[in-house]
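# Residue-level structural notes
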Amino acid sequence: MKQRVLAVAMLFALSVIGVPRALAQEGGDVASGRMIATTICVACHVVGKGEFVSPTGAAPAFARLAGTPGMTSIALSAALLTSHRQMPNIILQPDERRDVIAYILSLK
């Protein structure tokens, strides 16, 4: 439920304040995103299709993120660029971020 509230809040904030054009770029590589997810993100998230229980309990499952109504690459970009108290400060290069986003959205 918290993830859904967070997603709705992010979408609302993005609609109010706008997003730089660079964040709106799409076209990542799904296979590369899967590789990044299974090597880095998997420490806290479950990253496979149909998996919904995260190792930490607090990190949203990638499949749940993908299935959130209104979830877009813009919303995921904003989430990945925003610090979270419970999320480590993992810095992805722009192409890596696009790839991870493409992978997450492929789980719809």
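What you see is a predicted model; the values in this text were computed from it and never measured. (Residues numbered from 1 in each chain as written. Predicted model: local features only at pLDDT ≥ 70, side-chain atom pairs only at ≥ 80, totals over all residues. Heavy atoms only, no water.)

### Here's the deal with the confidence of the model for the protein
Low-pLDDT portions of the prediction should not be read for the details of their coordinates. This is how the line gets drawn: pLDDT measures the predictor's confidence residue by residue and takes values from 0 up to 100. Working definition: helices are DSSP H or I runs of at least four residues, strands are E runs of at least two. Numbering for both runs from the N terminus. Working rule for contacts: check all heavy atoms of both residues, and any pair within 4.5 Å makes them a contact.
The pLDDT averaged across the protein works out to 80; a share of 76% of its residues lies at or above 70. Averaged over each element, pLDDT in the protein is lowest for helix H1 (residues 2-17) (49) and highest for helix H2 (residues 30-39) (97). Confidence over residues 11-25 falls short of pLDDT 50; this stretch has 17 contacts with residues more than four positions distant or in other chains.

### Considerations on the environment of Phe 62
With respect to the helices and strands, Phe 62 occurs in helix H3 (residues 62-67). When residues no more than four places from it in sequence are discounted, the contact partners of Phe 62 are Ala 37, Cys 41, His 45, Val 46, Val 47, Val 100, Tyr 103, Ile 104 and Leu 107.

### Regarding the packing of helix H4 (residues 73-81) against helix H5 (residues 94-106)
Under the convention used in this document: Orientation is described by axes fitted as lines to C-alpha atoms, over the contacting stretch for helices, and by angles from 0 to 180 degrees between their N-to-C directions. By the definition adopted for this analysis, an angle is roughly parallel if under 35 degrees, roughly antiparallel if over 145, roughly perpendicular if from 65 to 115, and oblique otherwise. Left-handed describes a crossing in which the near helix is turned anticlockwise from the far one by less than a right angle; the clockwise case is right-handed. Only Asp, Glu, Lys and Arg are considered charged in this grouping, and only Ala, Val, Leu, Ile, Met, Phe, Trp, Tyr, Cys and Pro are considered nonpolar; every other residue, Gly among them, is considered polar.
It is the contact of H4 with H5, at a shortest axis distance of 10 Å, that shows an interaxial angle of 125°. With respect to each other, H4 and H5 are oriented oblique. Helix-helix and strand crossings are classified by hand; for H4 and H5 the assignment is right-handed. Contact with H4, carried on its side by Ser 73, Leu 76, Ser 77, Leu 80 and Leu 81, involves Arg 97, Ile 101, Ile 104 and Leu 105 of H5 and no other residues of that element. Among the residues making up the contact of H4 with H5, the classes are represented as 6 nonpolar, 2 polar and 1 charged.

### Some words on the side chain of Asp 99
How we decide: Per-residue accessibility, obtained with a 1.4 Å probe over protein chains only, is compared with the maximum for each type, and a residue is labelled buried under 20%, exposed over 50%, and partly exposed between these values. Under the convention used here, Asp and Glu are negative, Lys and Arg are positive, and both His and the chain ends fall outside the count. Any Lys or Arg side-chain nitrogen located within 4 Å of an Asp or Glu carboxyl oxygen qualifies as a salt bridge. Polar contact is defined as a pair of N or O atoms within 3.5 Å, subject to the rule that within protein one atom must be able to donate a hydrogen and the other to accept it, and that residues adjacent in sequence are counted only when both atoms are side-chain atoms.
With respect to the helices and strands, Asp 99 occurs in helix H5. No salt bridge is formed by the buried Asp 99; the nearest opposite charge belongs to Arg 98, separated by 5.9 Å. At a separation of 2.9 Å, a polar atom in the side chain of Asp 99 contacts the side chain of Ser 32. With near-sequence residues (within four places) excluded, Asp 99 lies in contact with Gly 28, Asp 29, Ser 32, Gly 33 and Ile 36.

### Some thoughts on the nonpolar core
Here is the rule we go by: Among buried residues, those of type Ala, Val, Leu, Ile, Met, Phe, Trp, Tyr and Cys that are joined through side-chain atoms within 4.5 Å constitute a nonpolar core.
Of all hydrophobic cores here, the largest spans 16 residues; its most connected members are Ala 37, Val 47, Phe 62, Val 100, Tyr 103 and Ile 104. Those elements that place two or more of their residues in this core are H2, H3, H4 and H5. With near-sequence residues (within four places) excluded, Val 47 lies in contact with Ala 37, Thr 38, Cys 41, Val 42, Phe 62, Tyr 103 and Leu 107.

### Quick look at the environment of Val 46
Along the chain, the position of Val 46 falls in the loop between H2 and H3. According to the relative accessible area criterion, Val 46 is buried, its value standing at 13%. Counting along the chain gives 15 residues from Val 46 to Ala 61, while the straight-line C-alpha distance between them is 5.0 Å.

### Focus: the side chain of Arg 97
With respect to the secondary-structure elements, Arg 97 resides in helix H5. Although Arg 97 lies buried, it forms no salt bridge, and the closest oppositely charged side chain, Glu 96, sits 7.8 Å away as judged by the N-O distance. Non-local contacts of Arg 97, meaning those with residues more than four positions away in its chain, are made with Ser 77, Leu 80, Leu 81 and Leu 92.

### Thoughts on H2
Each full turn of the α-helix corresponds to 3.6 residues, which orients residues three or four apart in the same direction. Worth spelling out the cut-off: Think of the arc as the fan of directions from the helix axis to the C-beta atoms.
Considered for burial, the residues of H2 that qualify are Gly 33, Ile 36 and Ala 37. Buried residues of H2, viewed axially, fall in a sector of 100°; they line one side. Residues of H2 that are exposed and point more than 90 degrees away from the buried face comprise Met 35 and Thr 39. Tucked inside the fold, the buried residues of H2 contact H3 and H5. Capping the start of H2, Asp 29 holds a side-chain oxygen 3.0 Å from the backbone nitrogen of Ala 31, two or three residues further along.

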